[in-house]
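A structural walkthrough
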Amino acid sequence: MHRRPLTAALLALAAGAALTACGGSTTVDASAAALAASADCTRASAHWPTTVAGQKSRPTSAKSATVRAWGDPPIIARCGVSSPGPTTDPCTTIDGIDWVAHQLKDGYRFVTFGRSPAIEVLIPTKYGGLDLVEFTAAAKAIPQTSHVCSAAPPSTSSG
């Protein structure tokens, strides 16, 4: 398993504006992504984990197999989001899957990089350093394109 270290800031995460959880509700308010009906998302959703960070699955308002939630506050995953383009956000490889991390107010949003459609995982701060390995099987159901995380470009010297 290859894994680039994440900064300490990557250990926090929460649901963003597109996906919100209703406090105290048994159903998590979440919507299906634009590309959720794709064959790739159908394949990926068959590999959603049963538990994440020791948390059991919860029903979502999306009523779609491509959207899943676990725990309270919920960890939310959905397939069918747009694959990110070039970004200055950190990109890390975990168990052979490239993920772009974006800090939110109360946590992080992770999106697979180099897979289209992409999988998005929202992780609230409460869960700390969840390493996303639980989502490897689902992500691998979507073929990798030629785009991969890359190291910073080599420095140039003037001479």
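Residues numbered from 1 in each chain as written. Predicted model: local features only at pLDDT ≥ 70, side-chain atom pairs only at ≥ 80, totals over all residues. Heavy atoms only, no water.

We now examine the pattern of salt bridges. On inspection of all chains with the given rule, the structure shows four salt bridges. The closest approach of N and O atoms between Arg58 and Asp72, which form a salt bridge, is 3.8 Å. You can see Arg58 sitting in strand β2 (residues 55-58) and its partner Asp72 sitting in the loop between β3 (67-70) and β4 (75-81), a full 14 residues away along the chain. Classification of Arg58 by relative accessible area gives buried; the value is 13%. Take Asp72: its relative accessible area is 46%, and that puts it in the partly exposed class. A single network of salt bridges, built from pairs that share partners, joins Arg78, Arg109 and Glu120. (Salt bridge = Lys/Arg side-chain N within 4 Å of Asp/Glu carboxyl O. Helix = DSSP H or I, 4+ residues; strand = E, 2+ residues; numbered from the N terminus. Buried < 20%, exposed > 50% of the residue type's maximum accessible area, 1.4 Å probe, protein only.)

Before going further, it helps to spend a moment on the nonpolar core. Counting 25 residues, the largest nonpolar core has Ile75, Trp99, Ile119, Val121 and Phe135 as its most contacted members. Residue assignment for this core shows that the elements contributing at least two residues are α1 (39-45), β4, β6 (97-104), β7 (107-112), β8 (118-124) and α2 (136-140). By size, the runner-up hydrophobic cluster in this structure holds six residues, among which are Val28, Val67, Ala69 and Ile76. (Core = buried A, V, L, I, M, F, W, Y, C linked by side-chain atoms within 4.5 Å.)

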